[in-house]
Amino acid sequence: RFHHTSTSHLCSCNKIISDEKYQDPFQLGRKDLKNLYEDIKKELLVSAAELKEMCDYYFDGKGKAFRPMIVVLMARACNIHHNNSKEVQASQRSVAIIAEMIHTASLVHDDVIDDANSRRGKRTLNQIWGERKAVLAGDFILSAASVALARIGNTTIISVLTQVIEDLVRGEFLQLGSKENENERFAHYLEKTFKKTASLIANSCKAVSILGCPDPKVHEIAYQYGKNVGIAFQLIDDVLDFTSCADHLGKPTAADLKLGLATGPVLFACRQFPEMNAMIMRRFSKPGDVERARKYVLQSDGVQQTTYLAQRYCHAATREIRKLRPSPEREALVHLTEMVLMRDK
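These numbers were taken from a predicted model, which means no experiment stands behind them.

> Could you clarify how one ought to interpret the overall build of the protein chain in this entry?
Along the backbone of the protein chain there are 18 helices and 2 strands. Against the compact-globule benchmark of 20 Å for 345 residues, the protein chain has a radius of gyration of 20 Å, which places it among compact chains. The principal-axis extents of the C-alpha atoms in the protein chain amount to approximately 60 × 55 × 35 Å. For the protein chain, the residues scored as buried account for 55% of the 345 residues in total. Partitioning the contacts of the protein chain with sequence separation of at least 6, the portion at a separation of at least 24 is 74%. Accessible surface, the protein chain: about 15600 Å² in total, of which carbon and sulfur atoms supply 52%. Each charge sign in the protein chain was given a centre, from 48 positive and 42 negative side chains, and these centres are 2 Å apart.

Structural data, given as structure tokens:
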């Protein structure tokens, strides 16, 4: 329901922002993200032609740069809150670069684990160069991100951002396991969602807040905003796996079911169709399981319930960011929560 309403509709329930205060996050973050991908490629300087080609493959400037944009907007919002400084520090921009590098490295590794053949509308690294080289390319991007992180020269920031890498690995392990108990299953799913998706956004936001402001309360606001937006982002991603067409999404639909994963829409649907329990436990491995499960999800209110849950996380993010001093960047971060709910790919 929320995907096809206008922004003004979404806001009307609690008048989140008025039109004159409307700030387009992408417009506002653009100048700080200028040459972002060129700067990432400089971090990935390597003499081996094939490795360079692989590393440059996803850093083609065609991505939305969603994570770096949140990071630079949070940096500005925290700087303004602290001492009305309107500039992004070089170290804060470095965090945005590092976040995008860690994210991309995790995508490369995910595609190998999932044996995926398309990502962002084009073939995956593992499809073109093979699994072994793709794993090594992902490792190389991570190592380059670690060098850039060390260059910031702040041990607290190193600790905050290396937590992301640990969480990504733990999240992948959580995804490989499954729970029999229904309540445990949902907690397991949300923990996996935090570790695989939200931790990067939460900790990157926290890192730039530490660099821009000494107040621990502000660090917690930045972290909670990133955490809530990150979880909402993934919940909507899980919804789109059922509601969007493959061409639009840039990757196959029902991909999670094919991987044996029970996401939010499936777990909610299972409450209406208990016969899905057996399918979840065998990870949709029997012939016809994927099609049947997809049908059950679309017959249930699983998609609506997951969307509603995403809304609640977005409202929590908005409550957090509102604690900062008013600024165009703060308003843009508020608007971003609505964009997360509205996105269709």
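> I'm lost on the side chain of Arg 330 in this one. Help?
Position of Arg 330 among the secondary structure elements: in helix α18 (residues 328–342). Classification of Arg 330 by relative accessible area gives buried; the value is 7%. One polar contact links the side chain of Arg 330 to the main-chain carbonyl oxygen of Arg 322, over a distance of 3.2 Å. Dropping the residues within four chain positions of it, Arg 330 is found in contact with Ala 77, Ile 321, Arg 322, Leu 324 and Arg 325.

> Quick question: what am I supposed to make of the nonpolar core here?
One broad trend across soluble globular proteins is that nonpolar side chains are buried collectively. Of all hydrophobic cores here, the largest spans 96 residues; its most connected members are Phe 66, Ile 70, Met 74, Val 95, Met 101, Tyr 225 and Met 276. Those residues in contact with Met 74, other than ones at most four positions away along the chain, are Cys 205, Val 208, Ala 222, Tyr 225, Ile 321 and Leu 333.

> For this particular structure, what's the right way to read the pattern of salt bridges?
Per the counting criterion, the structure on display carries 17 salt bridges. For Glu 50, the salt bridge identified is with Lys 133, shortest N-O distance 3.0 Å. On the criterion of sequence distance, the pair formed by Glu 50 in helix α4 (residues 49–58) and Lys 133 in helix α8 (residues 131–152) is long-range, its members being 83 residues apart. Judged by its relative accessible area of 36%, Glu 50 is partly exposed. A relative accessible area of 37% means that Lys 133 is categorised as partly exposed. Counted as one network, the salt bridges with shared partners bring together Asp 39, Lys 42 and Arg 93.

> Which parts of the structure should I look at to understand helix α17 (residues 302–321)?
Given 3.6 residues per turn, any residue in an α-helix points the same way as the ones three and four places further on. Taking 1.5 Å per residue as the helical rise, α17 with its 20 residues ought to reach 28 Å, and the 29 Å between its terminal C-alpha atoms agrees with that figure. For α17, a buried count of 14 out of 20 residues is recorded, marking the element as mostly surrounded by other parts of the structure.

> When you look at the packing of aromatic side chains in this model, what are you seeing that I'm missing?
In this description, a pair of aromatic rings is defined by centroid distance and the angle of the planes. Taken as a whole and assessed by the stated rule, the structure comprises 7 aromatic pairs. Here the aromatic rings of Tyr 57 and Tyr 58 are separated by 5.3 Å at their centres, their planes lie at 50°, and the arrangement is tilted. Residue Tyr 57 shares its accessibility class with Tyr 58, and that shared class is buried. Positioned over the ring face of Tyr 223 is Lys 206, at 5.7 Å from the centre of the ring. If you follow Arg 343 out to its NZ or CZ, it ends over the ring of Phe 233, 3.8 Å from the centre.

> How should helix α11 (residues 216–243) be read in this particular structure?
For α11, spanning 28 residues, the distance from its first C-alpha to its last is 40 Å, which sits close to the expected 40 Å at 1.5 Å a residue. Counting buried positions over the 28 residues of α11 gives 23, a clear majority of the element.

> I'm lost on unusual backbone geometry in this one. Help?
Its identity as a non-glycine residue notwithstanding, Asp 115 has a phi of 55°, on the positive side. Along the chain, Asp 115 falls in the loop between α6 (90–114) and β1 (118–119). Asp 115 sits in the exposed class, given a relative accessible area of 53%. Unusually for a residue other than glycine, Phe 284 sits at a positive phi of about 55°. If you trace the backbone, Phe 284 turns up in the loop between α15 (276–281) and α16 (289–299). Phe 284 sits in the buried class, given a relative accessible area of 5%.

> What's the story with empty space enclosed by the protein in this structure? I'm lost.
Any empty space left between the atoms is revealed when a probe the size of a water molecule rolls over them. Under the definition given, this model contains 2 cavities of 30 Å³ or more. When its volume is computed, the largest cavity comes out at roughly 190 Å³. Every residue lining the largest cavity is counted, 16 residues in all, and those nearest its centre are Gln 175, Gly 177, His 188, Leu 261 and Ala 262. Secondary-structure elements contributing two or more residues to the lining of the largest cavity are α9 (155–176) and α10 (182–212). When residues in the lining of the largest cavity are grouped by element, the largest group, 4 residues, is from α10.

> Hey, could you run me through the environment of Ser 91 in this one?
When you line up the elements, Ser 91 lands in helix α6. Looking at Ser 91, the relative accessible area reads 19%, which means it is buried. Setting aside anything within four residues of it in sequence, one finds Ser 91 in contact with Ile 152 and Leu 211.

What counts as what
- Residues numbered from 1 in each chain as written.
- Predicted model: local features only at pLDDT ≥ 70, side-chain atom pairs only at ≥ 80, totals over all residues.
- Heavy atoms only, no water.
- Helix = DSSP H or I, 4+ residues; strand = E, 2+ residues; numbered from the N terminus.
- Rg over C-alpha atoms; globule rule 2.2 N^0.38 Å.
- Buried < 20%, exposed > 50% of the residue type's maximum accessible area, 1.4 Å probe, protein only.
- Contact = heavy atoms within 4.5 Å.
- Areas by Shrake-Rupley, 256 points an atom, 1.4 Å probe, with all protein chains shown as cover.
- Lys, Arg positive; Asp, Glu negative; His and termini not counted.
- Charge placed at Lys NZ, Arg CZ, Asp CG, Glu CD.
- Polar contact = N/O pair within 3.5 Å; in protein donor to acceptor, adjacent residues only side chain to side chain.
- Core = buried A, V, L, I, M, F, W, Y, C linked by side-chain atoms within 4.5 Å.
- Salt bridge = Lys/Arg side-chain N within 4 Å of Asp/Glu carboxyl O.
- Expected span 1.5 Å × (residues − 1).
- Phe/Tyr/Trp six-rings, centres within 6.5 Å; stacked < 30°, edge-to-face > 60°.
- Lys NZ or Arg CZ within 6 Å of the ring centre and 35° of its normal.
- 1 Å grid on protein atoms, 1.4 Å probe; cavity = no way out; pocket = protein on both sides within 12 Å on 5 of 7 lines; lining within 4 Å.
- Points joined across faces, edges and corners; volume = space filled by probe spheres on them.

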